[in-house]
Amino acid sequence: MPNANAKCFTLAMRKAYHDKKEVLLENDILPKMSNPFDIFHEWFEAAKASEKSYTEVNAVCLATATKEGKPSSRMVLLKSYDPVNGFTIFTNYESRKGSEIDENPNVALLFFWDFLSRQIRVEGKAKRVPASESDEYFGQRPRASQVSARISAQSQPVDSRDTLLKRQKEEADRWAAEEHIPRPDFWGGFHIIPERFEFWQGQSDRLHDRLVFTRSPPPVNGQQEVNGGDKEKEWSVQRLQP
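Residues numbered from 1 in each chain as written. Predicted model: local features only at pLDDT ≥ 70, side-chain atom pairs only at ≥ 80, totals over all residues. Heavy atoms only, no water.

A look at the overall build of the protein
In step 1: If you tally the helices and strands in the protein, you get 6 helices and 9 strands.
In step 2: Looking at the 242 residues of the protein, the share that counts as buried comes to 36%.
In step 3: The long-range fraction of contacts in the protein, counting pairs at least 24 apart against all pairs at least 6 apart in sequence, stands at 66%.
In step 4: Accessible surface computed for the protein: about 14,900 Å², of which carbon and sulfur atoms make up 51%. (Helix = DSSP H or I, 4+ residues; strand = E, 2+ residues; numbered from the N terminus. Buried < 20%, exposed > 50% of the residue type's maximum accessible area, 1.4 Å probe, protein only. Contact = heavy atoms within 4.5 Å. Areas by Shrake-Rupley, 256 points an atom, 1.4 Å probe, with all protein chains shown as cover.)

A short note on helix H2 (residues 36-49)
In step 1: Taking 1.5 Å as the rise per residue, H2 with 14 residues should run 20 Å; its terminal C-alpha atoms sit 20 Å apart, in good agreement.
In step 2: Within H2, the full set of buried residues consists of Pro36, Phe37, Ile39, Phe40, Trp43, Phe44 and Ala47. Each buried residue of H2 sits inside an arc of 155° when the element is viewed along its axis, so together they form one side.
In step 3: Where H2 begins, one side-chain oxygen reaches toward the backbone nitrogen of Phe37, 2.9 Å away; that side chain belongs to Asn35. (Expected span 1.5 Å × (residues − 1). Arc of directions from axis to C-beta. Polar contact = N/O pair within 3.5 Å; in protein donor to acceptor, adjacent residues only side chain to side chain.)

Observations regarding the packing of aromatic side chains
In step 1: The full count for this structure, using the stated rule, is 21 aromatic pairs.
In step 2: For the pair Phe40 and Phe87, a centre-to-centre distance of 4.9 Å together with 75° between the ring planes defines the contact as edge-to-face. Pair noted here: Phe40 is in helix H2 and Phe87 is in strand S4 (residues 86-92), with a separation of 47 residues, a long-range link. Across the pair, exposure class does not vary: Phe40 and Phe87 are buried alike.
In step 3: These aromatic residues form a ring-pair network of at least three members: Phe37, Phe40, Trp43, Phe44, Tyr81, Phe87, Phe111, Trp113, Phe197, Phe199, Phe213 and Trp235. (Phe/Tyr/Trp six-rings, centres within 6.5 Å; stacked < 30°, edge-to-face > 60°.)

Quick word on the layout of surface pockets
In step 1: Roughly 350 Å³ of volume is contained in the largest pocket.
In step 2: Along its surface, the largest pocket is lined by 16 residues, and Phe90, Thr91, Arg141, Gln154 and Trp187 are the ones closest to its centre.
In step 3: Put simply, the parts of the chain that give the lining of the largest pocket at least two residues each are strand S2 (71-77), S4 and helix H5 (143-151).
In step 4: When its residues are assigned to classes, the lining of the largest pocket shows 7 nonpolar, 6 polar and 3 charged. (1 Å grid on protein atoms, 1.4 Å probe; cavity = no way out; pocket = protein on both sides within 12 Å on 5 of 7 lines; lining within 4 Å. Points joined across faces, edges and corners; volume = space filled by probe spheres on them. Nonpolar A, V, L, I, M, F, W, Y, C, P; charged D, E, K, R; others polar.)

A look at helix H6 (residues 161-174)
In step 1: The first and last C-alpha atoms of H6 sit 20 Å apart over 14 residues, in line with the 20 Å expected at 1.5 Å per residue.
In step 2: A distance of 3.4 Å separates the backbone nitrogen of Asp162 from a side-chain oxygen at the start of H6, and that oxygen is part of Ser160.

Examining the pattern of salt bridges
In step 1: Summed over the entire model, instances satisfying the criterion amount to 17 salt bridges.
In step 2: Lys125 is paired through a salt bridge with Glu195; the nearest N and O atoms lie 3.5 Å apart. Highlighted residues: Lys125 in strand S6 (residues 118-128) and Glu195 in strand S7 (residues 187-201), separated in sequence by 70 residues.
In step 3: Given the relative accessible area of 37%, Lys125 is considered partly exposed.
In step 4: The class of Glu195 is partly exposed, set by a relative accessible area of 36%.
In step 5: Across the pair Glu198 and Arg196 runs a salt bridge, and its minimum N-O distance is 3.8 Å.
In step 6: Using a relative accessible area of 2% as the deciding quantity, one classes Glu198 as buried. (Salt bridge = Lys/Arg side-chain N within 4 Å of Asp/Glu carboxyl O.)

A word on the nonpolar core
In step 1: Of all hydrophobic cores here, the largest spans 42 residues; its most connected members are Phe40, Phe87, Phe111, Trp113, Ile120 and Phe197.
In step 2: Among the elements that make up this core, the one with the highest residue count is H2 (6 residues).
In step 3: Setting aside anything within four residues of it in sequence, one finds Phe40 in contact with Leu78, Tyr81, Phe87, Phe111, Ile120, Phe197 and Phe199. (Core = buried A, V, L, I, M, F, W, Y, C linked by side-chain atoms within 4.5 Å.)

Considerations on the confidence of the model for the protein
In step 1: In this model, the protein carries an average pLDDT of 89, and 88% of its residues clear a pLDDT of 70 or more.
In step 2: Considering only residues more than four positions removed or in separate chains, one finds that residues 222-230, a stretch of pLDDT under 50, has 10 contacts. (pLDDT = per-residue confidence, 0-100.)

A short note on the side chain of Arg150
In step 1: Looking at where Arg150 falls in the secondary structure, it is placed in helix H5.
In step 2: Only 2.8 Å separates the side chain of Arg150 from the backbone oxygen of Pro182, close enough to count as a polar contact.
In step 3: Ignoring sequence-local partners within four residues, the contact set of Arg150 consists of Phe138, Glu171, Arg174, Trp175, Ile181, Pro182, Arg183, Pro184 and Phe186.

Quick notes on unusual backbone geometry
In step 1: Look at Ser155: it is not a glycine, yet its phi comes out positive at around 80°.
In step 2: One can find Ser155 in the loop between H5 and H6.
In step 3: Even without a glycine there, the phi angle at Arg206 is positive, about 70°.
In step 4: Counting through the fold element by element, Arg206 comes out in the loop between S7 and strand S8 (209-215).

Here it is in structure tokens:
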């Protein structure tokens with residue numbers, strides 16, 4: 001900051017997005033992809049195909065909140081996705097995000113790929129994955145990452161980095177003769193089951209395209225399944241103004 005009272009302006013920072021030849025129209029996607037997971041997969045694959053050396057396509061902003069509604073957010077890495085289990089991430093269950101999810105399962109994800117002028121917002125509920133699934137993924141992690149997960153009381157204060165390095169070396173030495181390092185109970189995954197998707201595509205004139213998919217409510221009191229059990233119709237879609 002130039003001085004304590006100076007205001008730093010970013011008004012002139014403006015990037016061109018798509019032009020009107022590349023708009024996102026309902027007729028372009030809905031006939032072949034009525035399920036939002038299909039659209040997510042197409043956009044995710046497009047992002048992977050356009051990935052630069054400095055990008056992480058599976059990086060996603062995860063927003064959580066306390067039971068009082070106080071929010072927090074951070075970047076995490078998406079590890080898998082499918083229509084049944086939703087979006088899967090892994091973390092320390094005793095971290096801030098893990099603790100907040102335990103008391104308030106309502107979460108949001110935000111994927112942003114600036115090189116495609118696209119973002120996807122996902123809202124839903126998070127739940128812990130089965131221990132066997134966490135064990136399987138933990139066993140695939142690099143050994144150094146396994147060690148770090150075991151010695152870090154994530155989100156808690158520490159007096160210095162040297163303390164962490166000392167713990168890391170001691171833990172690595174402890175398991176040096178073992179082929180496998182076990183997953184600690186406080187570390188594992190969450191499935192985020194989506195209830196809402198928003199697909200956003202930027203336009204240079206700021207008349208951005210926004211398509212929202214909302215999951216239909218489940219049957220009540222033994223009524224017939226929504227839409228006769230047609231999985232392709234359990235989502236409703238509408239366009240939002242930019």
